[in-house]
Amino acid sequence: MARWCYRHRLVVLLLWVGALLGLGAAASTAGTDYANVFSLPNTDSKRAYDQMEKAFPERAGDTDTVVWKVDTGTVRDQSVQSRIQPVLEKIGKMAGVGGVTSPYAGDRGAAQISANGKIAYAQITFAKQANAVPKPLVQDVVDTAQGAERGGLHVELGGQAIQRVQEPPTGLAEMIGILAAAVVLFLAFGSLFAMLLPIGIAIFGVGTGLFSTQLLSHVTSVPDLAPLLATLIGLGVGIDYALFIVTRHRRGILRGMDPEDSAVTALNTSGRAVLFAGGTVCIALAGMLVTNLRFLDGVVIGTSLTVVFSVLAAVTLLPALLGFLGSRVLSRRQRRKLAAEGPEPERASGFAARWSASVQKRPRSIAVMALVVMAILAIPVLSLRLGATDQGNDDASTTTRKAYDLLAEGFGPGFNGPLQVVSTSGDTNKLVEGIRATDGVAQVAALPPARGVTVIQVVPTTSPQSEKTDQLIDTLREKVIPDAGAQAHVGGVTAISKDFSTVTGDRLPLFIATIIGLGFLLLMVAFRSLVVPLTAALMNLIAAAASFGVLVAIFQWGWGLSLLGLGKEGPINAFLPVIMLSLLFGLSMDYQVFLVSRMHEEWVHTKDNARAVRVGLAETSRVINSAALIMVCVFLAFVLSGDSGAAMAGVGLAAAVALDAFILRTALVPAAMHLLGKSNWWLPAGLEKRLPHLAVEPAEEAEPLPRASAGGSSVVHGFVRDAEGAPVDGAVLTLLSKGGRQLDRVTSLADGSYIVSVPAPGTYLLSATASSYAARARHVIVTDEPLVHDLELAEGEVDAVN
């Protein structure tokens, strides 16, 4: 497939451009229909909402607030009323506005004026929910209301619909993330063309994924957070996957391969790992479905689609683009050097090789240091509190945050998150008195009953995000309502947020067990080992704990929050653990696959664990760290998205990826594998027979050499000696096929002699290892006749990696 795409590059490019433009045109014509659907069956807040919807269908739309404050006098002054009242009337007549409740409308409106008369508010009820209210209408409301401002009169607006129109322009975070990734890629490659390849692949993958998600929003419920998270993960994996393949391709050209053969080899090796890694990301994302939270279904659809398109672009469009570039994928300096000096030898050098050797020498101390760092970062997770961010967490310069603060100043901190006790039977007066006598209640007001349902508005003394507000909800449900003998449910935005946090927390263990279990099975099948997937699962849990510790320290404790311009501290979004663990699990599996697949390849060839771990780390750590740095840049750019949920996810994922790549995969995993030795690759024989074979590495190709007509077996024999010519006793010699399958294994005798069996003529790899000697691996060409092949092992020799 890679060769076909390379040779038919113009066709492939036109197909991808056509797909992107076609989906884009269809999506722009259809528009968006994102819907934030929170389905919390069997919760008290859901029962309260159902009863309210039956009794007050006209209140189904979103309710936003206009707040104003005077510096001198009171809001009752005629000069203030004459400016505000016409504005409220004008807003009430706008198409799409269901009604406006003014503080100047009789005795009932008087409750909408603060005790000192300095602050008042009006409620605007739209005909639709916030996500369905047209943005031009909301902007008209904002402009009309703020048009009443003058010296000494301040007007601000709050609410979900208002919040949608004050977000920064879409695409700002994406552009900054792409620019940061471009800088890292240019520094890594030194070539403009090589830098543009991963970015182009990411743009095609994310573009087609987002347009497809937009079209699907018309047939299924997709939350408006889904495209933002899909862009977040799509940019990261799209750039990373292309980076892995381009790096392998450039290495092949530098070692003398033809550009076409190099591209095919890169796709047949790194491309297979990309397919496997992309599949694990999608499986991790699908793990969110076990939580049975419908809100997350659309997130799974959007992010999985984007990952699928990113993988498809990497394995089809990328080889086509490599065909257009040819050897120009190298920098000019590299091309000149290649022409002058010829191909580079196969070796890993520089800091990566030195670090890999250091890990081999001091695995215990490096493992302890890495664990200590991760443990310290994980300490804040012990105080993790799930909840929901609200407009009190917005940036201080936004109108929603200013309106939130004005309402808290004039009517108390609990006013921004009132509770709704929905009563369907029992003594309402007794229930109201019981609520009023409860600690933590600031105001209680029963609205006129409708259709046998009475709604009691309860304003807590504490803010919506306070733990005391959660305790008040529990007290009302467990004590006050039963004591009053009423049939009632506690609802409202604050109660819904609390129930959502509870449901998410209850289902989190099942979710974690599901994705860890799936990852364990995948890695066990891929690497034929029980210890490697067990190590990966443990590392995932360590990375999750440390990254959530960073999140708690920043967003819950407020450390450095002002530097990020993200408002004030509060609880961690309840949906974030599920989303973040899915993405973290998928991305860490990517790095685990790229790291361990190279180690496994070396282990299959030499059966030398120390060498396998050293070579694998030396040859992959640089590209893994470059990929992680790109992801960190992309994720941190989403701090500028204007969405507190996306900013929280961006910071959390950036921390998770950085810790995973720079500490776990570069230090702790290889150190642990050195300590575990050959047991890394242990798999019970019975299980080995039953497991299916999943080849992350390419299948064996047909031998290019002519075979004898009989096709009979043969042997390779000879002596193993040291540099002085003395025989090496006990050397382990292994014969492997070109694909790495072990065919025979023997130990040299006291005189250094050995003999291995060869199934048929062809090209094989013969490796020799012995204690105190450097390993040797050589290709041997066997015909119908026995082959004599002597091997020399050098003591203390510096091998190819070092």
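Notes on the structure follow. Fair warning: this is a prediction, and the values are worked out from it, not measured in the lab.

### What to know about the sheet that holds strand β16 (residues 776–782)
Then, number 1: With respect to topology, 4 strands assemble into an open sheet ordered β13-β12-β15-β16, the strand pairing being antiparallel. The sheet is open, and its two edges are formed by β13 (742–747) and β16, each paired on a single side. With direction set aside, neighbouring strand axes in the sheet form an average angle of 20°.
Then, number 2: Note: strand β15 (residues 762–769) against β16, 7 bridges, orientation antiparallel. Residue pairing in the sheet places Tyr764 in a bridge with Val780 of β16.

### A few points about a positive patch on the surface
Then, number 1: Together, Arg332, Arg333, Arg336 and Lys337 make up a positively charged patch on the protein surface.
Then, number 2: Relative accessible area serves as the criterion here: at 38%, Lys337 is assigned to the partly exposed category.

### Side note on unusual backbone geometry
Then, number 1: One non-glycine residue, Arg451, adopts positive backbone phi at about 55°.
Then, number 2: With respect to the helices, strands and loops of the structure, Arg451 is situated in the loop between β7 (441–446) and β8 (454–460).
Then, number 3: A residue is classified by how much of its surface remains accessible, and Arg451, at 64% relative accessible area, is exposed.

### Quick word on empty space enclosed by the protein
Then, number 1: Evaluated as defined, the whole model comprises 1 cavity of 30 Å³ or more.
Then, number 2: By volume, the largest cavity amounts to about 80 Å³.
Then, number 3: Around the largest cavity sit Ile512, Ile515, Ile516, Asn540, Leu541, Ala544, Leu581, Leu584 and Phe585, which together line it.
Then, number 4: Counting only elements with at least two residues in the lining of the largest cavity, the list comes to α19 (493–527), α20 (531–556) and α22 (576–606).
Then, number 5: Along the lines of polarity and charge, the residues of the lining of the largest cavity split into 8 nonpolar, 1 polar and no charged.

Basis of the calculations
Residues numbered from 1 in each chain as written. Predicted model: local features only at pLDDT ≥ 70, side-chain atom pairs only at ≥ 80, totals over all residues. Heavy atoms only, no water. Pairing = 2+ DSSP bridges. Helix = DSSP H or I, 4+ residues; strand = E, 2+ residues; numbered from the N terminus. Axes fitted to C-alpha atoms, helices over the stretch in contact; angles between N-to-C directions. Patch = residues over 30% accessible without salt bridge, like charges linked within 9 Å, V, L, I, M, F, W, Y side chains within 5 Å. Areas by Shrake-Rupley, 256 points an atom, 1.4 Å probe, with all protein chains shown as cover. Salt bridge = Lys/Arg side-chain N within 4 Å of Asp/Glu carboxyl O. Lys, Arg positive; Asp, Glu negative; His and termini not counted. Charge placed at Lys NZ, Arg CZ, Asp CG, Glu CD. Buried < 20%, exposed > 50% of the residue type's maximum accessible area, 1.4 Å probe, protein only. 1 Å grid on protein atoms, 1.4 Å probe; cavity = no way out; pocket = protein on both sides within 12 Å on 5 of 7 lines; lining within 4 Å. Points joined across faces, edges and corners; volume = space filled by probe spheres on them. Nonpolar A, V, L, I, M, F, W, Y, C, P; charged D, E, K, R; others polar.

Geometric values such as these leave the question of function open.
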